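# A structural walkthrough
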Amino acid sequence: IESMSFYQGLIPYLKNVKLKNESKISIDQVAKKYTLNDNSILLNDLKLTINGFVQNISDGAMNMDLNFQTDNNNFKDVLSLIPALYTNQFSDIKANGKFDLKGKVNGSYYKNIYPKMDIDFNIANGDFQYPSLPKKVSNIQVKSKITSSGGTADNILVDVSQFAMNIGSDPFQGRLKISKMLSNPTMELYSKGKLNLADIKSFYPMEDVKQLEGMMNLDLDIRARKSDIDAKNYNAIQASGIADITGLKYESKGVEKPVKVTSLK
C-alpha cells in the first residue's frame, strides 16, 4: 500500500504511511480463528513482527492473544513515522540512538470491554540533524508504558515517565500520566523548557515560513481530575508554574496575516 492514513477523531495516528505486510496465516473456519505466524509489517522504515491469534467469538466480539516487537531498533526508523520529517529529504537526515517497542495484548475485545495490555516504548540517546542545517535535536530520551488488567477502559494506564530532548542548546523535559479515562479522566503533567523560536529554522527546514522569532518558557506542574473540574472544586486541583511567551512573530505563506504576541503570561 503506497499511502495509508488512520485518524481517530482529530488525531492522525498514521498519515500517508507506506505499508508492506507479509504473513503466514492459518485459518480455522469452524472456530473463526486466524493464527499469525512470522507476520511482518513494515510501516515506512519501521518493521514489526506480530505473532498470535485473533478469533471471532460472536457478532462484533473478538478474543485475541498477540505479541509484537520491532525487528530493527534504529531511532531513525521511528522518525520515519513522523509526517513532518518523512519527506523527500528524509534519506539525508543524520540520526543516532536506539529504541525498543514491544508488547502483549490478550483477552476479549467487545464494545467497551478491552483486552489486557502491556506495551513498552523507549528511546535512548536519540538525535537527528539535517545536513544542510547548523543545529540538531539531541539527547532524546523517552520511557513510556501502556498497561491494563483488561475489562473497562478505566483500567488503561498511560505513563510517559520520561520525555526529554535538547532543541539546539535549549533543554526540554516532561512527563505525563493518564488514568481513569472512562469514568473520571485523571492527568498528571509536568513540563519544563525554554525555546528560542528562531532556532527552529536552524534544525528543521521551513521553506514556507517567512518569519519566526520569540522566546517561550514553560514550567508547569498540573494534577487534575475531570470530576473536580466539573464540580468547580478547584482547591483539589494542583496547578503551579508559568507559561511565558515574549516577542513572538510568525509569518508564513499559509497564514493570511502575521501573528504577533508582545508578551503572554
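Residues numbered from 1 in each chain as written. Predicted model: local features only at pLDDT ≥ 70, side-chain atom pairs only at ≥ 80, totals over all residues. Heavy atoms only, no water.

### So, the overall build of the protein chain
Along the backbone of the protein chain there are three helices and 15 strands. Of all 265 residues assigned to the protein chain, the portion counted as buried reaches 31%. Of the contacts formed within the protein chain by residues at least 6 apart in sequence, a portion of 45% connects residues at least 24 apart. Carbon and sulfur atoms make up 52% of the accessible area of the protein chain, which amounts to about 16400 Å² in all. Computed over 34 positive and 29 negative side-chain charges, the separation of the two mean positions in the protein chain equals 2 Å. (Helix = DSSP H or I, 4+ residues; strand = E, 2+ residues; numbered from the N terminus. Buried < 20%, exposed > 50% of the residue type's maximum accessible area, 1.4 Å probe, protein only. Contact = heavy atoms within 4.5 Å. Areas by Shrake-Rupley, 256 points an atom, 1.4 Å probe, with all protein chains shown as cover. Lys, Arg positive; Asp, Glu negative; His and termini not counted. Charge placed at Lys NZ, Arg CZ, Asp CG, Glu CD.)

### Section: the packing of aromatic side chains
For the structure on display, the rule yields six aromatic pairs. Consider the rings of Phe-99 and Phe-121, whose centres lie 6.2 Å apart with planes at 50°: the pair is tilted. Of this pair, Phe-99 sits in strand β7 (residues 94–109) while Phe-121 sits in strand β8 (residues 116–129), placing them 22 residues apart in sequence. Aromatic side chains Tyr-109 and Tyr-114 sit 5.7 Å apart centroid to centroid with 55° between the ring planes, which places their arrangement in the tilted category. Classification of Tyr-114 as partly exposed rests on a relative accessible area of 26%. The cationic tip of Lys-33 hangs over the ring face of Phe-53; the distance from NZ or CZ to the ring centre is 4.3 Å. (Phe/Tyr/Trp six-rings, centres within 6.5 Å; stacked < 30°, edge-to-face > 60°. Lys NZ or Arg CZ within 6 Å of the ring centre and 35° of its normal.)

### With respect to the nonpolar core
Counting 37 residues, the largest nonpolar core has Phe-128 and Ile-140 as its most contacted members. Contacts of Phe-128, omitting those with residues within four sequence positions, involve Phe-75, Leu-79, Leu-85, Ile-93, Lys-94, Ala-95, Lys-136, Val-137 and Ile-140. (Core = buried A, V, L, I, M, F, W, Y, C linked by side-chain atoms within 4.5 Å.)

### Focus: the pairing of strand β15 (residues 259–264)
Burial analysis of β15 places just zero of its six residues in the buried class, which makes it a mostly uncovered element. Both strand β14 (residues 238–252) and β15 contribute to a ladder of five bridges, which runs antiparallel. Following the sheet pairing, Leu-248 is matched in β15 by Val-261. Here β14 folds back onto β15, and the loop between the two strands holds six residues. (Pairing = 2+ DSSP bridges.)

### Details of the pairing of β7
Judged from the eight bridges that link them, strand β6 (residues 61–70) and β7 form a sheet pairing that is antiparallel. Bridge pairing links Phe-68 to Gly-103 in β7. Where β7 meets β8, twelve bridges bridge the pair, whose relative direction is antiparallel. Bridging from a neighbouring strand, Gly-103 pairs with Ile-119 of β8. The hairpin formed by β7 and β8 contains six residues between the paired strands, and Lys-111 there has a positive phi angle of roughly 50°.

### Re the environment of Ser-108
Its location among the elements puts Ser-108 in strand β7. With relative accessibility at 35%, the residue Ser-108 sits in the partly exposed group. Separated by 44 residues in the primary sequence, Ser-108 and Met-64 have C-alpha atoms spaced 6.4 Å apart. The contacts of Ser-108, once residues within four sequence positions are left out, are Met-62, Asn-63, Ile-113, Tyr-114 and Pro-115.

### Quick word on the pattern of salt bridges
This model, assessed by the stated rule, comprises eight salt bridges. A salt bridge links Asp-199 to Lys-135; its shortest N-O distance comes to 3.2 Å. Here the residue Asp-199 occupies a position in the loop between β12 (186–196) and α2 (200–203), and Lys-135 occupies one in the loop between β8 and β9 (137–148), the gap between them amounting to 64 residues. Judged by relative accessible area, Asp-199 falls into the buried class, the value being 12%. The exposure class of Lys-135 is partly exposed, given its relative accessible area of 29%. (Salt bridge = Lys/Arg side-chain N within 4 Å of Asp/Glu carboxyl O.)

### Side note on the environment of Gln-89
For Gln-89, the location among the structural elements is in the loop between α1 (75–79) and β7. Under the relative-accessibility criterion, Gln-89 is labelled partly exposed at 28%. Sequence spacing of Gln-89 and Asp-208 is 119 residues, and the spatial spacing of their C-alpha atoms is 16 Å. Once residues lying within four places of it in the same chain are set aside, the contact partners of Gln-89 are Tyr-130, Pro-205 and Glu-207.

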